[in-house]
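Summary of structural features
Chain by chain, the residues:
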Amino acid sequence: LFDRYVYNKTNVNKNVIDDILNKMKIDEGNIITQNELAIQQETEELKEANEYLRKAADHGLARAQYKYGKLSIEKSVEAGLKKETASHDFLFRKTADEIEVIIKDLKKEKAEHRSVAYSNFHKAADQGHKEAQYEAAEILYEDGKYSEAREYYKLAADQGHVKDMFDYGMMC
């Protein structure tokens, strides 16, 4: 009722009013509003942090390239999970053509994130980052590019990366 009255009686921006209402709810101890605000702030801060990480990676910092690659892999996994859960949650209400488009889009999203991940792992690996060498090797191996994967496994193994020592030994 208050919302309707304020919206109808003023020309104030809706976002300003929403901010005031949320502040009132927070001050009153509304835990749901407090939680939603915390999630919103965390999401905004995470987006900003990811943007800085991407910029550092774009400027060639191996550690940032590795971390941005790991973030991209996480997004790739999330896209894969969305594909899996989509089939269970709402697809029963969709036509076969709609389902095909949804699955295709999710596969494309997953492939894009994986490509970004590999690109960053490759750049960091070429700078001697042993964890990135391992991650690049894993992607190459999963893609069936065994000789290229073996090279990255060896590079990381030579730097003391234990898992790569094992994987490289298994490939020889």
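What this report covers is the structure whose coordinates are included nearby.

1. Some words on the overall build of the chain
- The helix and strand inventory of the chain stands at eight helices and zero strands.
- Starting at the N terminus and walking to the C terminus, you meet the elements of the chain as α-α-α-α-α-α-α-α.
- Split into buried and exposed, the 172 residues of the chain put 26% on the buried side.
- When contacts within the chain are restricted to residue pairs at least 6 apart in sequence, those whose partners lie at least 24 apart make up 47%.
- Carbon and sulfur atoms make up 54% of the accessible area of the chain, which amounts to about 12,000 Å² in all.

2. Focus: the packing of aromatic side chains
- Per the counting criterion, the structure on display carries three aromatic pairs.
- Seen in terms of ring centroids, Tyr-134 and Tyr-153 are 6.5 Å apart; in terms of plane orientation they differ by 50°. Their pairing is tilted. Placement of Tyr-134 in helix α6 (residues 130-142) and of Tyr-153 in helix α7 (residues 146-158) is noted, with a sequence separation of 19 residues between them.
- When its relative accessible area of 2% is taken as the criterion, Tyr-153 is described as buried.

3. Considering α6
- Taking 1.5 Å of rise per residue, the 13 residues of α6 would be expected to cover 18 Å, and the 18 Å separating its terminal C-alpha atoms lies within 8% of that figure.
- Buried within α6 we find Ala-132, Gln-133, Tyr-134, Glu-135, Ala-136, Ala-137, Ile-139 and Leu-140.
- At the exit of α6 stands Gly-144, carrying a positive phi of roughly 80°.

4. A few points about the packing of α6 against α7
- Axis separation between α6 and α7 bottoms out at 8 Å; the angle between their running directions is 160°. Regarding the angle of α6 to α7, the classification is roughly antiparallel. In terms of crossing hand, the pair formed by α6 and α7 is left-handed. Contacts between α6 and α7 involve Lys-130, Gln-133, Tyr-134, Ala-136, Ala-137, Glu-138, Leu-140 and Tyr-141 on the former and, on the latter, Tyr-146, Glu-148, Ala-149, Tyr-152, Tyr-153, Leu-155 and Ala-156.
- Counted by class, the contact of α6 with α7 contains eleven nonpolar, one polar and three charged residues.

5. Details of the side chain of His-129
- Of note, His-129 is situated in the loop between α5 (96-126) and α6.
- With near-sequence residues (within four places) excluded, His-129 lies in contact with Ala-62, Arg-63, Tyr-66 and Ala-124.

6. So, the pattern of salt bridges
- Counted by the stated rule, this structure contains six salt bridges.
- A salt bridge links Lys-70 to Glu-135; its shortest N-O distance comes to 3.1 Å. Within this pair, whereas Lys-70 is found in helix α4 (residues 62-89), its partner Glu-135 is found in helix α6, the two being separated by 65 residues in sequence.
- When its relative accessible area of 31% is taken as the criterion, Lys-70 is described as partly exposed.
- Exposure remark for Glu-135: the relative accessible area of 14% places this residue in the buried category.
- Of the charged contacts in the structure, one is a salt bridge between Arg-114 and Asp-143, with a shortest N-O distance of 2.6 Å. Of this pair, Arg-114 sits in helix α5 while Asp-143 sits in the loop between α6 and α7, and the two are 29 residues apart along the sequence.
- Among the charged side chains, a network of salt bridges with common partners joins Glu-51, Arg-54 and Asp-58.

7. Re α5
- A rise of 1.5 Å per residue sets the reference length of α5, with its 31 residues, at 45 Å; its end C-alpha atoms lie 45 Å apart and thus fit the reference within 8%.
- For α5, the full list of buried residues reads Leu-106, His-113, Arg-114, Ala-117, Asn-120, Phe-121, Ala-124 and Ala-125.
- Just downstream of α5, Gly-128 is the residue with a positive phi angle, here 95°.

Reading guide: rules and limits
Residues numbered from 1 in each chain as written. Predicted model: local features only at pLDDT ≥ 70, side-chain atom pairs only at ≥ 80, totals over all residues. Heavy atoms only, no water. Helix = DSSP H or I, 4+ residues; strand = E, 2+ residues; numbered from the N terminus. Buried < 20%, exposed > 50% of the residue type's maximum accessible area, 1.4 Å probe, protein only. Contact = heavy atoms within 4.5 Å. Areas by Shrake-Rupley, 256 points an atom, 1.4 Å probe, with all protein chains shown as cover. Phe/Tyr/Trp six-rings, centres within 6.5 Å; stacked < 30°, edge-to-face > 60°. Expected span 1.5 Å × (residues − 1). Axes fitted to C-alpha atoms, helices over the stretch in contact; angles between N-to-C directions. Parallel < 35°, antiparallel > 145°, perpendicular 65-115°, else oblique. Left-handed = near helix turned anticlockwise from the far one by under 90°. Nonpolar A, V, L, I, M, F, W, Y, C, P; charged D, E, K, R; others polar. Salt bridge = Lys/Arg side-chain N within 4 Å of Asp/Glu carboxyl O.

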